[in-house]
Structure formats: structure tokens, C-alpha cells
Amino acid sequence: MTPEQARLDDSLPDADADTEHYYLRLYVAGHTAKSIAAMSNLKRVCETHLAGRYDIEVIDLVQNPRLAAGDQILAVPTLVRRLPAPLKRIIGDLSNTERVLVGLDIRRKVDVS
Amino acid sequence: MTRPTAIELPKSATGIAGFDDILLGGLPAGRPTLVCGAAGCGKTLFGVTFLVNGATRFGEPGVFMSFEERAEDLAANVASLGYDLDDLVATGKLAIDHVRVERSEIEETGQYDLEGLFVRLGYAVDSVGARRVVLDTIESLFSGFTDTAILRAELRRLFAWIKDRGLTAIVTGERGEGQLTRQGLEEYISDCVILLDNRVVDQVTTRRLRVVKYRGSAHGTNEYPFLIDEGGISVLPVTSSGIERPVSEEIISAGIAGLDAMLRNGGFYRGSSILLSGVAGTGKTTIGGHFVNAACKRGERCMIFAFEEGADEICRNLRSVGLDLRQWVEAGLLRFEAARPSLYGLEMHLARMHRDLNRFDPSVVVVDPISALRGPDVEVHTTLLRMVDLLKSRGITGLFTSLRAAGSLHDGTDQAISSLMDSWIRLLDVEANGERNRVLYVIKSRGTSHSNQVREFRMTDGGIELIDPYVGPEGVLTGAARLSQEAREHAAAERRRHEIAQRGRELARRRDALERQVKELQATLDADQDEAQALLIEEQAQDAMLARNSAAIAARRGSAE
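(A) Local environment of the overall build of chain B. Summing up its helical and strand segments, chain B has 15 helices and 25 strands in all. Taken across its 561 residues, chain B has 41% of its residues classed as buried.

(B) Up close: the sheet that holds strand E9 (residues 192–201) of chain B. Residue and element names in this part refer to chain B. Taken in spatial order, the nine strands line up as E5-E4-E7-E8-E3-E9-E10-E11-E12 in an open sheet, and their pairing is mixed. Two strands in the sheet have a free side with no partner beyond their single neighbour: strand E5 (94–98) and strand E12 (232–235). Recorded for the sheet is a direction-independent mean angle of 20° between the axes of neighbouring strands. Note that strand E10 (residues 204–214) and strand E11 (residues 223–229) share three bridges and pair antiparallel. Looking at E11, one finds that Arg 210 is bridged to Glu 223. Sheet contacts for helix H12 (residues 346–360): E10, E11 and E12; angle to E11, the most-contacted strand, approximately 65°.

(C) Up close: the environment of Cys 41 of chain B. Residues and elements named next belong to chain B. The topology assignment puts Cys 41 in the loop between strand E3 (32–37) and helix H2 (43–57). Between the C-alpha atoms of Cys 41 and Arg 207, which are 166 residues apart in sequence, the distance is 7.1 Å. Those residues within four positions of Cys 41 in sequence are excluded, and the remaining contacts are Leu 196, Asp 197, Asn 198 and Arg 207.

(D) Quick peek at unusual backbone geometry. Looking along the chain, the bond that leaves Leu 83 of chain A and enters Pro 84 of chain A is cis, with omega of -5°. Here the bond from Asp 136 of chain B into Thr 137 of chain B is cis, since omega is -25°, no more than 30 degrees from zero. With respect to the helices and strands, the residue Thr 137 of chain B is situated in the loop between strand E7 (132–136) and helix H6 (141–144). Non-glycine residue Gln 72 of chain A carries a positive phi angle of around 55°. In this structure, Gln 72 of chain A sits in the loop between helix H3 (66–70) and strand E3 (78–83).

(E) A look at helix H13 (residues 377–393) of chain B. All names here are of chain B. Spanning 17 residues, H13 covers 24 Å between terminal C-alpha atoms, matching the ideal 24 Å at 1.5 Å per step. Residues of H13 that are buried include every one of Thr 383, Leu 384, Arg 386, Met 387, Val 388, Leu 390, Leu 391 and Lys 392, and no others. Looking one or two places after H13, you find Gly 395, whose phi comes out positive at around 70°.

(F) Up close: the interface of chain B and chain A. Taken together, the 21 residues of chain B in the interface contact 31 residues of chain A. Of all elements in the fold, only strand E6 (106–108) and helix H5 (115–128) of chain B reach the threshold of two or more residues within the side of chain B that touches chain A. Bridging between strand E4 (residues 88–91) of chain A and E6 of chain B involves three bridges; their strand directions are parallel. Its bridge partner being in E6 of chain B, Arg 89 of chain A is matched across the sheet by Ile 106 of chain B.

(G) Summary view of the pairing of E3 of chain B. Residues and elements named next belong to chain B. E3 sits mainly inside the fold: six of its six residues count as buried. Both faces of E3 are covered, namely the face carrying Pro 32, Leu 34 and Cys 36 and the face carrying Thr 33, Val 35 and Gly 37. Pairing between E3 and strand E8 (residues 168–174): six bridges, direction parallel. Following the sheet pairing, Thr 33 is matched in E8 by Ile 170. Pairing of E3 with E9 involves four bridges; the strand directions are parallel. Following the sheet pairing, Val 35 is matched in E9 by Ile 194.

(H) Fine view of the environment of Ala 306 of chain B. Residues and elements named next belong to chain B. Turning to its location among the elements, Ala 306 is positioned in strand E16 (residues 302–306). Residue Ala 306 is classed as buried on the basis of its 22 C-beta neighbours within 10 Å. Between the C-alpha atoms of Ala 306 and Ile 370, which are 64 residues apart in sequence, the distance is 9.2 Å. Sequence-distant contacts of Ala 306, defined by excluding residues within four places in its chain, comprise Ala 311, Ile 314, Phe 336, Ala 338 and Asp 368.

(I) Quick look at the packing of H12 of chain B against H13 of chain B. Residue and element names in this part refer to chain B. Put simply, H12 and H13 touch, their axes get as near as 10 Å, and they point 5° apart. Regarding the angle of H12 to H13, the classification is roughly parallel. Contacts between H12 and H13 involve Leu 346, Leu 350, Met 353 and His 354 from the former and Glu 379, Val 380, Thr 383, Arg 386, Met 387 and Leu 390 from the latter.

(J) Quick peek at the pairing of E7 of chain B. All names here are of chain B. Most of E7 sits inside the fold, with five of its five residues counted as buried. Sheet topology places E7 next to E8; four bridges connect them, and they run parallel. Pairing of Val 134 across the sheet is with Ile 170, part of E8.

(K) Quick look at the nonpolar core. Residues and elements named next belong to chain B. Val 63, Val 133 and Val 292 are the most contacted members of the largest nonpolar core, which totals 156 residues. It is H5 that contributes the most residues to this core, seven residues altogether. Among the domains, domain 1 (11–235) and domain 2 (251–468) are the pair contributing at least three residues each to this core. Those residues in contact with Val 292, other than ones at most four positions away along the chain, are Cys 302, Ile 304, Leu 325, Leu 334, Val 364 and Val 366.

(L) Summary view of the sheet that holds E4 of chain A. As summarised here, the arrangement of the five strands in space is E2(A)-E1(A)-E3(A)-E4(A)-E6(B), forming an open sheet in which the pairing is mixed. Across the chains shown, the open sheet's two edge strands, defined by having one partner strand only, are strand E2 (54–60) of chain A together with E6 of chain B. Averaged over all neighbouring strand pairs, the angle between strand axes comes to 20°, with direction disregarded.

(M) Molecular detail of the confidence of the model for chain B. Residue and element names in this part refer to chain B. Averaged over all residues, the pLDDT of chain B equals 84, while 93% of them reach at least 70. Considering each helix and strand of chain B separately, the mean pLDDT is smallest for helix H14 (residues 412–418), with a value of 63, and largest for strand E4 (residues 62–66), with 92. This model gives residues 1–6 a pLDDT under 50, and the stretch forms one contact once residues within four places in sequence are excluded. The ipTM assigned to the predicted complex is 0.78, against a pTM of 0.65.

(N) Seen up close, the environment of Glu 154 of chain B. Residue and element names in this part refer to chain B. Its place among the elements puts Glu 154 in helix H7 (residues 148–164). Remark: the alpha-carbon pair of Glu 154 and Leu 117, spanning 37 residues in sequence, is separated by 9.6 Å. Setting aside chain neighbours within four positions, we find Glu 154 in contact with Asp 113 and Leu 114.

(O) Quick peek at the confidence of the model for chain A. For chain A, per-residue confidence averages 77 on the pLDDT scale, and 77% of positions sit at 70 or higher. Taken as a whole, residues 1–17 of chain A scores under 50 in pLDDT and shows 10 contacts with residues more than four places along the chain or in a different chain.

Rules of the game
- Residues numbered from 1 in each chain as written.
- Chains lettered and ligands numbered in written order.
- Predicted model: local features only at pLDDT ≥ 70, side-chain atom pairs only at ≥ 80, totals over all residues.
- Helix = DSSP H or I, 4+ residues; strand = E, 2+ residues; numbered from the N terminus.
- Buried ≥ 20, exposed ≤ 12 C-beta atoms within 10 Å, placed from the backbone.
- Pairing = 2+ DSSP bridges.
- Axes fitted to C-alpha atoms, helices over the stretch in contact; angles between N-to-C directions.
- Contact = placed C-beta atoms within 7 Å.
- Expected span 1.5 Å × (residues − 1).
- Parallel < 35°, antiparallel > 145°, perpendicular 65-115°, else oblique.
- Core = buried A, V, L, I, M, F, W, Y, C linked by C-beta atoms within 7 Å.
- Domains from an automatic or database assignment.
- pLDDT = per-residue confidence, 0-100.

Laid out in C-alpha cells, this is it:
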């Protein structure tokens, strides 16, 4: 599925998306500078755009290596949007807020409002 | 890994037949090896074989990290080769991790690394205690991430990590333009690079592999053909061994009494090579059939590589001369490997032969006919040379038939390989007096004196029979000419017999006459003797009478006195 298609598919439920709950999972590998940066960046974005309707689960692959294969994690940090569907994957330390918003499908809504 | 090694580099056997020979033991243990080649040339299979053999034969569990195929697809794909990946996974000898790289699902937002890959690989390695790793095809990562600088740094780190963990790894890479792999992986993996190739020449495909480099070890440098079939991968080391090899003093029968007699010591040496050349229809296959039949009768295993006829055809045709090869096939002593020459390249034929010989382990092999192998002369020649070498190195007696073009005195193929052959029997058609007769003669037979005669042979219901030659003032006669000559001789003999009988009778008559004369004389003699006897008796009687008379006179005189 191309990102465009994904967005089109999303467009219907997006009509009343304000109430949508975001289940996010952040995969990191140890307490590196990148993982710490990613965590704080994610918090910031979520508080700004998804206040009150998000859950973040942080998984440290160093402690739980088994989980890496399940969500097809290659790069770390990886942020996985488990809900709402479809599954989205964003890699990097989330320092580029613009791209994080696009990746999480929040960007478009910001534009609309 | 940079510590100097006085002894030989530790190696990790792949278990791929022939390949370890080329590598002089195996892949460099504890290091990554790059296996590259174009699509469909067997990279993945190479990796899988390496792992399966490691797990099942060398007690080294492995990890297969697939960047292309899903684990279940992979298992299904190699199941046809007899590899049960699911079972290996279940018994903890193999771990398969499918790494899915989907560009569209990945949004890059700042700095990242591929620690996830390391974690996964590390976890998989630890879960089975892996000593071997296959990364197939890691270049797929380049399609999933835009930041190639990060990727390259991470790959470098990955290969260093593999070395640090002492894992023997195969990394596959797609052949790229102007370099071995698309992304220049050879830059990172320089210990051992193997290039697979799938070449099409004259519509015939041949798989080949070459060890491009092998740091710290000698290796075979040629291009070696390899096979992928239901038996897995087998590589044919084509470099022939030396000429020195143990030789056998044993003589084995050619299966035709007359031919054995022509060879003086009763047949061919075991392990020798025999060339049977002749034009079409001279009975090459039939003589080969006799040879095989004789070997099977002795309880030896035989193999026929047939390029022109199928197994059933050969069996049926040979039944007409009283050879039942079917029974040997059923007894498991004989195997046919029939394939069209054009089905594979020459190398592939050789490789298949190599593999079949390994599996069946025959002591007699018939190749019928070698002239069916077509290609550039040089290639055909080297192929045949290696074929002969292959058989000789295993002590297998090989009989090669060769079809010569009718009319030509010497065929190129015959000429080229005749020096490799220990025995060379040529079959000829002799056309004369409106008929065609088959004759054969032994051109050479190394290590044995042999008849210099050209012998006619016939195919009878009971097999091939060599006929005593008629050598007359006009040369060797065959067929009807021989028959009429024989008839003439027969008539002459008959005449002679008559004459002798007649003279015998005359002599008998003369003896009778003489005997009669003897009898007459004897009778005369007897008569004379009777007469003499009678005279004697008369004389005695007279004497007695005279005596009596004188006595009577005396008595009378006495009384008168």
C-alpha cells in the first residue's frame, strides 16, 4: 500500500477522528542518546497533538530481544502506531516533528483544523 | 581476527559435495563469506544448504535471516530438495527470521541505527546456539532506508560483529553492474567471495561457480559447474587428478567370446577405457550391451549413460540379440541415465555423471555415444578428457561408443580422444558383392598383445558371434563371398575325399587279387606236399614189406637147412 492509498483508506474514519485513541509503541535498544531523545520527542508531540488520547509503551530490545522480530523492528528507535489501523512505523529519534506528524497521520488533521 | 595464524586457517565445511574440495576444506570459519550472483543462480539455496548441512552433519546450528522470502515460503521452496526446515526449527537446530523491509511503511524522522537487526540476529543466534549465519539478501535493506551512509556504517558494524562472535556467515548479494554486488558489499566482506553464475550458451544453461578470492587460503581458481536438483547442490571439481593412479591387473571379459580371444589375454584390464567407434548400424550399442551383460553376470554394478536411446528402447532392442538387460535393472545391478545431449551443457553432463557415479558407484560404465556431445571441439575434447579421467580415477572400466561419419576415414572425435583410450576397437561396414557385412578389428589395446585380424561378426539370436576369418589371396572375404569361397573349398574337399576313397577301393581290389594268387600257390604247395607225403608212406610200406619178405625168406631158408 502506498502512503497515499493508506491515507485514502483512512479518510473515512478520520471524519470523527478526534476521539480516536492512539496506541503507540516505541522500540529502543538500551539507554542511548538516541532512545532518550526519541522518548522525549515522542512525549512532546503526543502532549501537543494527542493530549489525553494516547498510550505509549516503551520496549527496550536489549531486555526483550524476542519482541524485535514480532513487529519487524530493524532500525531503532522505531515508533509503531498499533492503533488506529493501519499499522505505521516511524524510525529515528523523532526529532523531525513534521515528519512524525505525517507518519502518525496527525499532520493532515492539523491542516484541516 | 587479525592475529597471525601459523597453522592453517580454520575452516567450516559446507557439506556441499565437491565445493569443500575447491575451498580446500570449507568456508573461512568465524568470518563472513560473500556469495553473489544474478537472480536465480542459487544463492539462497547455497545458504540453506550450508545451514542444513551444518545442523544435520556438523553439529553446528544456524540462523537464516531472510530479507526476501518468508520463512514458510523458504521451507516450501527447499522441501523439494529434501530439506525439512520446519523440523530443524522445531528441534532447535535452526532459526529463521524473516526481515521484512517495506519502504512505504517506514517514515524516517531523525537519527537511527540498525540496532534492531543486531538484536534480532543476536537473539536468534543465542536461541539455537548458532555457529553459522546466512543473511539473504542483505542488500534489500538499501531499498528500505534512504540514508545509505547509515546503512553502510551499520553493515560494516554488522560484519565486524559477526567476526567478533566467531560466526561463520554467508552473505548473499545480487550481481551488480560493474561490480560483484549492487551495493558493493565486497567492500565489506573481503575474506572470501564466491561468484555464482548461470550462463546460457547456445540455448543451454550451465551453472558455474568461482571462488573469486579467499584470503589466507589456497583455493581452486577455475570456474566449476554445479548442479541443483532433487539431491541438492553438487559441485564438480573439474581439475583432473594426476595420471598416477593405482592400476588393476585384473582382466574383465568383453562379453563376446571371440572378442576376448582377439585380445589374447581374455578381455580388457579393469579400470581401462575402451573406445568403440564405427559408422551407424555397426553394432556399437549391442557390443556395449554384451559388455554390460557380462559385468552384471559377474555381479558388478553397471551404468549406461545413453544420449540417443531411452532405457526401454535399449532393453527392447538388445533383447533381439538375446540380451536381457531388464533383469539386471530389476536386480538393481544396472542403471540407465538417459538424457538428450542438448538438455544440458557439456559441463552439466559431466557434473551429473559425477553425481550419478557417486550415488550408484558402478564398476562398469558405458557412454553411448560420446559423439552425441556437441559443442566447440575444444570443449568437447576437454569434457571427454575429464569424463575419462573421472572414470579412471575411480577405477571404473569405461566403454565409450563413438559414431563416425560414414565415408570419413578418420573422425575428429576419435582422433582427439584415442590417445586417452586404452583399447580402441573399430567397427566397419564392408560393402562388396551387393551386400553389407560387419567387421571389427582391434586398433590398439594397451598392455596386451592382440590379434591383427579383421574379423567379421554377425548378430544372431544368441548375441554377437565372431566368425573365423577367411583370408585368401584376394584378401579377407566376408559374407556371401566368404560363404561361396567356403563352399568352393568344401566341394574341393569333397572331391578329394572321393578320389581317396576310389584309390582305396582300387588298392583293396589289388590286394584281393594278390591274396587270391597267394591262395592258389598255397594250394599247389599243399598238393605237392601231399604227394611227397604219399611217396614217403609208399616208400616206408615198401621198406616194411621188403623187411617182412626178407625175414620170411630167412625163416624159410632156416627151416630148409
